[in-house]
Amino acid sequence: MLLLEGVALHFCLVQRHNYPDAASGPINLALIPLRPAAHPGRDEINVDIKKIQEIDEMGKKIAAIFERMFACLELSDDMFCRANQDGYFEWVNSAWERVLGWTKEELCSSPWLTFVHRDDVEKTIAAAEMMNTEGLAKFENRYRSREGSYRKLRWKTLKWNSGTAYCMAKDITEAIG
């Protein structure tokens, strides 16, 4: 079954060989509607298996690149995250747990503003607004740790076209004394 613009279409996958010796040439598949179309005849969508395999291989290569990239982010001492327009983290790396003590699940289930020191809320909102208009923001604020103390963070944020924010924060608490 194929869902196209909310309409369920039922198809039968038929293998066709274009060569007398099926093993010598490419395999073509045809999707044949099981329910008659509004007009007479059989509508076919030809699928080239080799193209599907190429796309599948490309997808696997891209997934491997992302896997390596995320592995590097997980090893970093810097705090990386992705935040949505609703004010929540969608993803945080392991450094967040090491620096602040909160689990990834706790950080992603509460609005990120709830962790910001109350004296830094206004400038953090201003930085988020600057990122939304200019695409980039650099700022510092304090984040509450699980134990109740605050860590000073230096941020670099980038807004992506989808509205998602990609951020990097560095713990500078010890550097400032």
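These numbers come from a predicted model, not from an experiment. In every chain, residue numbers begin from 1 and rise along the written sequence. With the structure being a predicted model, the display of local features is reserved for residues of pLDDT at least 70 and the display and counting of side-chain atom pairs for 80 or more, all residues being used for whole-chain, interface and lining totals. Side-chain numbers here rest on the full set of heavy atoms in the structure, without hydrogens or water.

Bringing the overall build of the protein chain into the picture now. Each helix and strand in the protein chain was counted, giving five helices and ten strands. A sequence separation of at least 24 residues applies to 26% of the contacts in the protein chain between residues at least 6 apart. When the accessible surface of the protein chain is summed, it comes to about 12,000 Å², and 57% of that surface belongs to carbon and sulfur atoms. Going along the chain from the N terminus, every DSSP run of H or I of four or more residues is numbered as a helix, and every run of E of two or more is numbered as a strand. Two residues form a contact once any of their heavy atoms are found within 4.5 Å. In short, Shrake-Rupley with a 1.4 Å probe defines the accessible areas, and a residue's cover is counted only from the protein chains shown.

Next up on the list: the packing of aromatic side chains. Any two aromatic rings considered together are summarised by their centre-to-centre distance and by the angle between their planes. Centres within 6.5 Å make a pair out of two Phe, Tyr or Trp rings, where for Trp the six-membered ring is used; the pair is then stacked when the planes are under 30 degrees apart, edge-to-face when over 60, and tilted otherwise. Counted under the stated rule, the structure contains eight aromatic pairs. A centroid spacing of 6.3 Å and a plane angle of 10 degrees characterise the contact between F115 and Y143, whose relative ring orientation is stacked. Of this pair, F115 sits in the loop between α3 (104-109) and α4 (121-134) while Y143 sits in strand β8 (residues 136-144), placing them 28 residues apart in sequence. Y143 matches F115 in its accessibility class, with the two residues each being buried. For each residue, the accessible area found with a 1.4 Å probe, counting protein chains only, is set against the maximum for its type, and the residue is called buried under 20%, exposed over 50%, and partly exposed in between.

Bringing α4 into the picture now. Taking 1.5 Å of rise per residue, 14 residues should cover 20 Å, and α4 covers 20 Å from first to last C-alpha, within 8% of that figure. Restricting attention to buried positions, one finds in α4 the residues T124, A127 and M131. Down the axis of α4, the buried set is contained in an arc of 60 degrees. They therefore lie on one face. Turned more than 90 degrees away from the buried face of α4 sit E122 and T133, all of them exposed. The inward-facing, buried residues of α4 abut β8, β9 (150-159) and β10 (165-171). Just past α4, the residue G135 takes up positive phi, approximately 90 degrees. Take the number of residues in a helix, subtract one, and multiply by 1.5 Å to get its expected span. The arc under discussion is defined with respect to the helix axis, by the directions toward the C-beta atoms.

The nonpolar side chains of a soluble globular protein tend to be buried, and buried together. M79, C81, F89, W96, L107, Y143 and W155 are the most contacted members of the largest nonpolar core, which totals 23 residues. The set of elements that each furnish at least two residues to this core consists of β6 (79-83), β7 (89-92), α2 (95-100), α4, β8, β9 and β10. Sequence-distant contacts of W96, defined by excluding residues within four places in its chain, comprise M79, F80, C81, F89, G101, W102, L107, Y143 and W155. For our purposes a nonpolar core is just a set of buried Ala, Val, Leu, Ile, Met, Phe, Trp, Tyr and Cys residues, chained together by side-chain atoms within 4.5 Å.

Our focus in this paragraph is the pairing of β8. Side chains of β8 alternate between two faces, with A137, F139, N141 and Y143 buried and L136, K138, E140, R142 and R144 left unburied. As paired elements, β8 and β9 share nine bridges and run antiparallel to each other. Bridging from a neighbouring strand, E140 pairs with R154 of β9. Each pair of strands is called paired provided DSSP finds at least two bridges between the two strands. Linking β8 back to β9 in an antiparallel pair, the connection comprises five residues, with G148 at a positive phi of about 105 degrees.

The strand order β7-β6-β10-β9-β8 describes an open sheet built from five strands, whose pairing is antiparallel. With partners counted over all chains shown, the strands left at the sheet margins are β7 and β8, one partner each. The mean inter-strand angle of the sheet, taken between neighbouring strand axes irrespective of direction, is 25 degrees. For β9 and β10, the ladder comprises seven bridges, and the chain directions are antiparallel. Paired with L158 across the bridge in β10 is Y166. Axis definition: a line fitted to C-alpha atoms, over the contacting stretch in the case of helices. Angles run 0 to 180 degrees between N-to-C directions.

On their own, these measurements won't tell you what the molecule is for.
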